[in-house]
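# Coordinates in review
As a plain string of letters, each chain reads:
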Amino acid sequence: MLIFKLFGRFWLSLVAACAIGLSPAAAAELVTYSWTTTNAGFGSHVSQPTSATFQVPLSSVLAGKINYSDISNIQFAYPGLTFNAYAASSTGLDFASYVDPATGAFIFNNVNQGLAVIGYEGGLFSDSFLSITVGNPNSSFTGVADQFNALKMGSPYAGFPTAGYWTANFPTTSAVPEPATWAMMLLGFGAVGFAMRRKRHFTTSYATA
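Here's what I pulled together on the structure shown here. (Residues numbered from 1 in each chain as written. Predicted model: local features only at pLDDT ≥ 70, side-chain atom pairs only at ≥ 80, totals over all residues. Heavy atoms only, no water.)

### Topic: the sheet that holds strand β10 (residues 148-152)
Which entries qualify depends on this criterion: For two strands to pair, DSSP has to find at least two bridges joining them. The way it works is that DSSP assigns letters per residue, a run of H or I at least four long becomes a helix, a run of E at least two long becomes a strand, and they are numbered from the N terminus. Each axis is a line fitted through C-alpha atoms, taken for helices only over the stretch in contact, and angles between the N-to-C directions span 0 to 180 degrees.
Judged by pairing direction, the sheet is antiparallel, and its five strands sit side by side in the order β5-β8-β9-β10-β11 without closing on themselves. Edge strands, defined here as strands with exactly one partner in the open sheet, are β5 (85-90) and β11 (155-158). Within this sheet the neighbouring strands show an average axis-to-axis angle of 25°, counted without direction. As judged from the four bridges shared by strand β9 (residues 129-134) and β10, these two strands associate in the antiparallel manner. Note on β10: the bridge partner recorded for Leu130 is Ala150.

This is the structure in structure tokens:
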């Protein structure tokens, strides 16, 4: 009797664990921002980022404010540069950028807002890097908001204005389990049913004895 009780409890725990795994809240939810270039600018190397992304917690976007400390998983690709270190920085006194919670689009709040995501070639603070502003108010010099700047060996690699914009990609929250999870759940339910049936059988046999 005891062994079947323990067996049943084990499978109940396993099924509960599977159910927890299906919960969207069980996994860390991140919003991924991706860069689109609208003007590659000028310079000794006129090009643009092949790809540029970073992530922030969904909770920060829903709160309407992204702090530079919220930024993680920065990834850049740029022709002629190889990045081996990344960092986030502030371009304003707010140390944050503001977003529309519904779309994740950056909105103007005040002149002190603005962030930057930076990829370095040769380690942090080297003189070869790519920097892209995030949620930056329109610059009085260039007339654009977000823009990128690339340097190689301290020399301009792409000049201003190098304009573009960030697009928020929200996480997909699906409660549909994978086939392996379905199999584990069915096996668990079957085992629990078997244990309960054996328990009833032993109880009935004991009562009639």
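### Let's talk about the sheet that holds strand β7 (residues 106-107)
Read from one edge to the other, the open sheet built from three strands follows the order β3-β6-β7, with strand pairing classed as antiparallel. Each edge of the open sheet carries a strand with a single partner, namely β3 (65-67) and β7. Note: β3 against strand β6 (residues 96-99), three bridges, orientation antiparallel. Within β6, the residue paired with Lys65 across the bridge is Tyr98.

### Quick look at the environment of Gly135
Where we set the bar: In this description, contact between two residues means that some pair of their heavy atoms is separated by no more than 4.5 Å.
Mapped onto the secondary structure, Gly135 falls in the loop between β9 and β10. If we ignore the near neighbours within four places in the chain, the residues touching Gly135 are Ser97, Phe106, Gln113, Gly114 and Asp146.

### Considering the packing of aromatic side chains
For clarity, the cut-off: Centres within 6.5 Å make a pair out of two Phe, Tyr or Trp rings, where for Trp the six-membered ring is used; the pair is then stacked when the planes are under 30 degrees apart, edge-to-face when over 60, and tilted otherwise. Only protein chains enter the accessibility calculation, which uses a 1.4 Å probe; a residue whose area is less than 20% of its type maximum is buried, one above 50% is exposed, and one in between is partly exposed.
Evaluated as defined, the whole model comprises 13 aromatic pairs. When the centroid spacing of 6.4 Å and the interplanar angle of 90° are considered together, the rings of Trp35 and Phe148 count as edge-to-face. Here Trp35, found in strand β1 (residues 30-37), pairs with Phe148, found in strand β10; they are 113 residues apart in sequence, far enough to count as distant. Phe148 carries the same exposure label as Trp35, and that label is buried. Between Phe54 and Trp166, the aromatic rings sit 4.8 Å apart at their centres with planes inclined by 70°, giving edge-to-face as the arrangement. Separated by 112 residues along the polypeptide, Phe54 in strand β2 (residues 51-57) and Trp166 in strand β12 (residues 164-169) bring together distant segments of the chain. You can call Phe54 buried: its relative accessible area is 1%. Trp166 gets classed as buried once you look at its relative accessible area, which sits at 7%. Ring pairing ties together the aromatic residues Tyr33, Trp35, Phe54, Tyr78, Phe106, Phe148, Tyr157 and Trp166, which thus form one cluster.

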